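Single-letter residue listing:
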Amino acid sequence: MGVLRTNSESLPAAEPGGRVSQSTFYSRTRRRIGYWAILIGLIPGAAIMFIPFFWMYISSFKTPKEILQPSITWLPKTFYTAGYVETWQEATILQGYGNSLLIAGVTTILAVFTSAVCGYVFAKKEFAGKNLLFIFVLSTIMVPFFMLFIPSFVLYFKLGLKNTYLGLILPGVFTPFGILITRQFLHSVPNELLDAARADGAGDIRILWHIIIPLSRSVLSAIAILSFLGTFNDFLWPLVMIDDRHMFTLPLVLRLITGRQATREDQVLAAAVMSITPILIFFIIFQRHIIRGIALTGLKG
C-alpha cells in the first residue's frame, strides 16, 4: 500500500472526469512560455553564428572579382566552381584527408582507452601515492601548451620520431581532461557492483571491458569526439614534425594553398569549405554525446 500511495502522490492532480487541475495547467503553461522565451532569445545568437558560415559557403561559388567587390552579395551572380576544381587538382586534398583521419582515428582510440583505464584506477583502486599522482595529472592541464612545445619537439626528435605518424599520435594518447571526467563519472558507479563481479571471478580486465566501459559510454563518447576534433584540426604540431609532403595532414595541405604569394580568394574559400564541412557534419551528428558526457561528470565529486 505504501508503494501505491507514493506512486499516486507523484501523479499530477486531476479533477473528477479526468480533467487536469487548474494549478497543473498553469504550471505547464509557465514551462511552455519559458521554453519559447529562451528559444526566441537564442535565435539572434544563432543567426550571428550562422551568417558567416552561410556567406563562406555561398561566396565559395563566386568569382574572385565578385568576392572582393565593396558591396556584399549574398547569392553569386554566376555559379563559379573553378575554385573547387583547381584547389582539388593543385593540392593533395584526398591524401590530406586520409592522413588526418588515420592520425585522428588512432589517437582517439588510444585516448579513450587510456582515459577509461586511468579513470578506473583513480576512482576505484587504492594504492600508495594515488592522490599525489592524480594531482600531478591535473596539474598538467594548467601548463600552457607552448611551454612544453619546444621540450616536446626536442624529445621526439632525439627519439627518432620526427617525420613519423607515431610522432603525431603519441602527444594525444593521454588526455588529462579525459582522465578527470572519467574518474568523476566512475565515482557514481557503486562499489557493490564491482565487488559482486569480483565475487563471480571477474578480474580487472573483465570488469573494465564488461562493466566500466559500457557504463561510461556517454563520457567516453564525449572524450572521443573532443579528441578526434582536436587532433583532426591540429596545425602547429604537424607543421614542425612533418617534412614529407606525402604525410601532410589536411591543415598543412590547405596551408599550401593559402600561403602562396598569389592567393585567389575563391580557392581560399573553397579550401575552407572542404576542410570545415566534415567537422560540422561530425559535430552535428554527435553533439548530444558531447553535452551529455560533460553533464554526467557532475554527478559525484
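Report follows, based on the coordinates. Note that this is a predicted model, so its numbers are computed, not measured.

How each quantity is defined
Residues numbered from 1 in each chain as written. Predicted model: local features only at pLDDT ≥ 70, side-chain atom pairs only at ≥ 80, totals over all residues. Heavy atoms only, no water. Patch = residues over 30% accessible without salt bridge, like charges linked within 9 Å, V, L, I, M, F, W, Y side chains within 5 Å. Areas by Shrake-Rupley, 256 points an atom, 1.4 Å probe, with all protein chains shown as cover. Salt bridge = Lys/Arg side-chain N within 4 Å of Asp/Glu carboxyl O. Helix = DSSP H or I, 4+ residues; strand = E, 2+ residues; numbered from the N terminus. 1 Å grid on protein atoms, 1.4 Å probe; cavity = no way out; pocket = protein on both sides within 12 Å on 5 of 7 lines; lining within 4 Å. Points joined across faces, edges and corners; volume = space filled by probe spheres on them. Nonpolar A, V, L, I, M, F, W, Y, C, P; charged D, E, K, R; others polar. Buried < 20%, exposed > 50% of the residue type's maximum accessible area, 1.4 Å probe, protein only. Expected span 1.5 Å × (residues − 1). Phe/Tyr/Trp six-rings, centres within 6.5 Å; stacked < 30°, edge-to-face > 60°. Lys NZ or Arg CZ within 6 Å of the ring centre and 35° of its normal. Core = buried A, V, L, I, M, F, W, Y, C linked by side-chain atoms within 4.5 Å. Contact = heavy atoms within 4.5 Å. Polar contact = N/O pair within 3.5 Å; in protein donor to acceptor, adjacent residues only side chain to side chain. Lys, Arg positive; Asp, Glu negative; His and termini not counted. Charge placed at Lys NZ, Arg CZ, Asp CG, Glu CD.

**Focus on a nonpolar patch on the surface**
- A grouping of Phe50, Ile51, Phe54, Ile72, Trp74 and Leu75 is seen on the molecular surface, where their side chains present a nonpolar patch of about 640 Å² in accessible area.
- Take Phe54: it is sitting in helix 2 (residues 22–59).

**Observations regarding the layout of surface pockets**
- A volume near 1300 Å³ is recorded for the largest pocket.
- Lining of the largest pocket is provided by 36 residues; of these, Phe145, Pro171, Gly172, Phe174 and Pro176 occupy positions nearest its centre.
- Secondary-structure elements contributing two or more residues to the lining of the largest pocket are helix 5 (93–124), helix 6 (130–139), helix 7 (145–158), helix 8 (165–169), helix 9 (176–186), helix 12 (217–233) and helix 13 (236–241).
- Here the element with the most residues in the lining of the largest pocket is helix 7; it accounts for six residues.
- Counted by class, the lining of the largest pocket contains 24 nonpolar, 11 polar and one charged residues.

**Digging into the pattern of salt bridges**
- Scanning the model with the defined rule gives four salt bridges in all.
- Note that Glu126 and Lys130 form a salt bridge whose closest N and O atoms lie 3.3 Å from each other.
- Lys130 gets classed as buried once you look at its relative accessible area, which sits at 10%.
- The salt bridge partner of Asp243 is Lys162, with a shortest N-O separation of 2.6 Å.

**Brief notes about helix 12**
- With 17 residues, helix 12 extends 24 Å from end C-alpha to end C-alpha; this agrees with the ideal 24 Å at 1.5 Å per step.
- Where burial is concerned, most of helix 12 is hidden: 13 out of the 17 residues are buried.

**Here we look at the packing of aromatic side chains**
- Scanning the entire structure with this criterion turns up 11 aromatic pairs.
- Both rings, one in Tyr35 and one in Trp36, keep their centres 5.6 Å apart while their planes meet at 80°; by these two values the pair is edge-to-face. Summarising the burial analysis for this pair, Tyr35 and Trp36 share the class exposed.
- Positioned above the aromatic ring of Phe134, the side-chain terminus of Arg183 is 4.1 Å from the ring centre.

**As for the nonpolar core**
- Among the nonpolar cores identified, the biggest contains 33 residues, and Ile93 and Phe232 are the most heavily contacted of them.
- Those elements that provide at least two residues to this core are helix 5, helix 7, helix 8, helix 12, helix 13, helix 14 (250–258) and helix 15 (265–296).
- If one sorts the elements of this core by residue count, helix 15 sits on top with six residues.
- Within the second largest apolar cluster, 19 residues are counted, among which are Phe185, Leu194, Ala197 and Leu220.

**Thoughts on the environment of Lys130**
- Following the sequence through the fold, Lys130 ends up in helix 6.
- Those residues in contact with Lys130 that sit more than four places away from it in its chain are Val121, Phe122 and Lys125.
- In terms of polar contacts, Lys130 uses its side chain to reach the backbone carbonyl oxygen of Lys125, at 3.0 Å.

**Overview of the environment of Pro76**
- Among the structural elements, Pro76 can be located in the loop between helix 3 (64–68) and helix 4 (82–90).
- Between the C-alpha atoms of Pro76 and Glu66, which are 10 residues apart in sequence, the distance is 7.9 Å.
- Those residues in contact with Pro76 that sit more than four places away from it in its chain are Ile58, Phe61, Lys62 and Glu66.

**Comments concerning a positive patch on the surface**
- Among the surface-exposed residues, Arg28, Arg30, Arg31 and Arg32 lie close enough to one another that they form a single positively charged patch.
- Along the chain, Arg31 falls in helix 2.

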